[in-house]
Amino acid sequence: TGGVTTIDPGYKNTGSCESGITFLDGEKGILRYRGYSIEELAEKADFLEVAYLLIFGELPTAAQLNKFDKDIKEESHVDEDMKKILDGFPKSAHPMGVLSSLTSALIAFNPGSVDVASEEAMYNAIVKIMAKFPVLAAWTMRKRKSLPLDYGDNSLGYVENIHKMMFSRPNKTYEPNRIVNDALDKLLILHADHEQNCSTSTVRIVGSSHAGLFASLSAGISALWGPLHGGANQAVIEMLEAIKADGGDTAKYINKAKDKDDPFRLMGFGHRVYKNFDPRAKIIKKSAEEVLGNLGIEDPVLDIAKGLASVALEDDYFVKRKLYPNVDFYSGIIYRSLGIPTEMFTVMFALGRLPGWIAQWREMRLRKEPIGRPRQIYVGENLRSFVKVEDR
Ligand code: SDX
């Protein structure tokens, strides 16, 4: 229509794909991993179970979960020379840039993770990255804080160990905290997969060239870093802090977001697919109130967030455009209450999304999908002849 040429619908791999991993209905606000509702998984499962479900398609038996956990723990060491790469970064480097680089650098120390022709080689690459990625993620935070690197404690659970590697301090016994662990576990589950979002599509298309799992993940981390995608959780807190510094004048920021001449957007609002509420945002909002209550924290930023949301949800501009709070709107408030620095919020998103990226990469490889090659609608010049520079 309108002179636009349609691409042959049969053209393979035009950027969309068939997948049996995550189902979401943007109109009804439904999100399911392998057929299980996100509400049920967030309430009843733990993150490692959900990771297994996403990657292998079924909830694990106790024996399968124990083996997965054991295989991951056996791979939780990181080559000492990786520290030299980390040391090359300035302390001011953004953790997402460091994490993307370290994930790619892992290939050099695990060459067998590239050519994963067999399911066994694929499984080995998967447990390696499930084990080493949290270590590297925690290292990015410790580097910024000039803290000695921590290799974790295999007697802890997967999520507990992430928190320990981030927050352990020399000469102090690390004390696990159930409230903190449960909050983190739920957040990571809620971020674990979201069908063909920007970073997952990146992982699939890079993986489709058979560049290997780690290289595909490194590309996905870079895509997630953007403020329109995973970087939004950091941008939300920066926005809420600005509103707080501005005397809590939410109306001013709502008007800025509506002003077409102002590039400001209400971060944490809107979604490419959800044109109704984001089911994850509903759960995270409730969890934020519980966690702050359980930890006895009064955070004015949560009140500002709730105030901003309630005004926006009554405002014609946002209602007409079907703009609702998304997964990033409240998540940062919980991360903050757990003492996680703002610049680490998107790293937390990546830690949650890791099993989803892995699952989508594995599905694409097992289905033997061809190399990704989206087509275009050409809107440039027609054929014309060269003109010599002196005649131009
Ligand atoms: C994630 O895809 C996924 O699944 C991603 C994710 C996942 O789990 O992987 O869910 C995670 O990335 C969530 C989104 C996080 N990003 C943000 O919160 C950044 C702020 N949001 C926007 O930039 C925007 O809403 C997007 C990028 C999320 C969605 O963009 P769309 O659907 O392409 O919307 P659009 O740019 O076409 O905007 C439609 C209209 C425009 O106005 P008009 O031109 O029609 O007048 O809505 C306006 C936009 O200006 N609009 C906003 C707005 N988002 C859209 N106006 C103010 N504030 C906003 N946040």
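Residues numbered from 1 in each chain as written. Predicted model: local features only at pLDDT ≥ 70, side-chain atom pairs only at ≥ 80, totals over all residues. Heavy atoms only, no water.

- Named according to an unreviewed UniProt entry, the protein is Citrate synthase originating from Aquimarina muelleri.
- According to the UniProt record, the Sequence similarities (unreviewed entry) comment for the protein is "Belongs to the citrate synthase family."
- Per UniProt, the protein carries the Pathway (unreviewed entry) text "Carbohydrate metabolism; tricarboxylic acid cycle; isocitrate from oxaloacetate: step 1/2." (UniProt positions renumbered as here; feature names shortened; annotations may be inferred.)

## What about the site of the ligand?
Then, in step 1: Of all residues adjacent to the ligand, which total 25 residues, the nearest are H194, R265, H271, R280 and R353.
Then, in step 2: Here an oxygen atom of the ligand sits 2.8 Å away from a polar atom, N or O, in the side chain of R265.
Then, in step 3: R321 is positioned such that a nitrogen or oxygen atom in its side chain is 3.1 Å from an oxygen atom of the ligand.
Then, in step 4: Considering the ligand on its own, with 1,000 Å² of exposed area, one finds that the protein chains cover 78% of that surface.
Then, in step 5: The residue inventory of the shell around the ligand, partitioned by class, reads 10 nonpolar, seven polar and eight charged. (Near = heavy atom within 4 Å. Polar contact = N/O pair within 3.5 Å; in protein donor to acceptor, adjacent residues only side chain to side chain. Areas by Shrake-Rupley, 256 points an atom, 1.4 Å probe, with all protein chains shown as cover. Nonpolar A, V, L, I, M, F, W, Y, C, P; charged D, E, K, R; others polar.)

## Quick word on the state of the cysteines
Then, in step 1: All told, the structure shown has zero disulfides when counted by the stated rule.
Then, in step 2: With no disulfide partner, C17 has as its closest neighbouring cysteine sulfur the one in C198, 14 Å distant.
Then, in step 3: Since its relative accessible area comes to 45%, C198 is described here as partly exposed. (Disulfide = S-S within 2.5 Å. Buried < 20%, exposed > 50% of the residue type's maximum accessible area, 1.4 Å probe, protein only.)

## A closer look at the pattern of salt bridges
Then, in step 1: Tallied over the entire structure, the rule returns 29 salt bridges.
Then, in step 2: With its nearest N and O atoms 3.3 Å apart, the salt bridge here joins K132 to E75. Linking K132 in helix α6 (residues 119-144) with E75 in the loop between α3 (62-74) and α4 (82-87), this pair joins segments that are 57 residues apart in sequence.
Then, in step 3: Of the charged contacts, one joins K286 and E290 as a salt bridge, the two residues approaching to 3.1 Å between their closest N and O atoms. Here K286 pairs with E290, and both are found in helix α13 (residues 279-294), just four residues apart, close to one helical turn.
Then, in step 4: For E290, a relative accessible area of 34% gives the class partly exposed.
Then, in step 5: Through salt bridges with shared partners, a single network forms among E18, R204, E363, R367 and E369. (Salt bridge = Lys/Arg side-chain N within 4 Å of Asp/Glu carboxyl O. Helix = DSSP H or I, 4+ residues; strand = E, 2+ residues; numbered from the N terminus.)

## A closer look at the packing of aromatic side chains
Then, in step 1: Following the criterion strictly, the structure yields 12 aromatic pairs and no others.
Then, in step 2: Centroid distance Y317 to F318: 5.0 Å. Interplanar angle 70°. Geometry classified as edge-to-face.
Then, in step 3: For Y317, a relative accessible area of 15% corresponds to the buried category.
Then, in step 4: Among the residues examined, F318 registers a relative accessible area of 2% and is labelled buried.
Then, in step 5: Among the aromatic side chains, those forming a connected cluster through ring pairs are F269, Y317, F318, F329 and Y330.
Then, in step 6: We note K282 situated over the ring of F277; from NZ or CZ to the ring centre the distance is 4.2 Å. (Phe/Tyr/Trp six-rings, centres within 6.5 Å; stacked < 30°, edge-to-face > 60°. Lys NZ or Arg CZ within 6 Å of the ring centre and 35° of its normal.)

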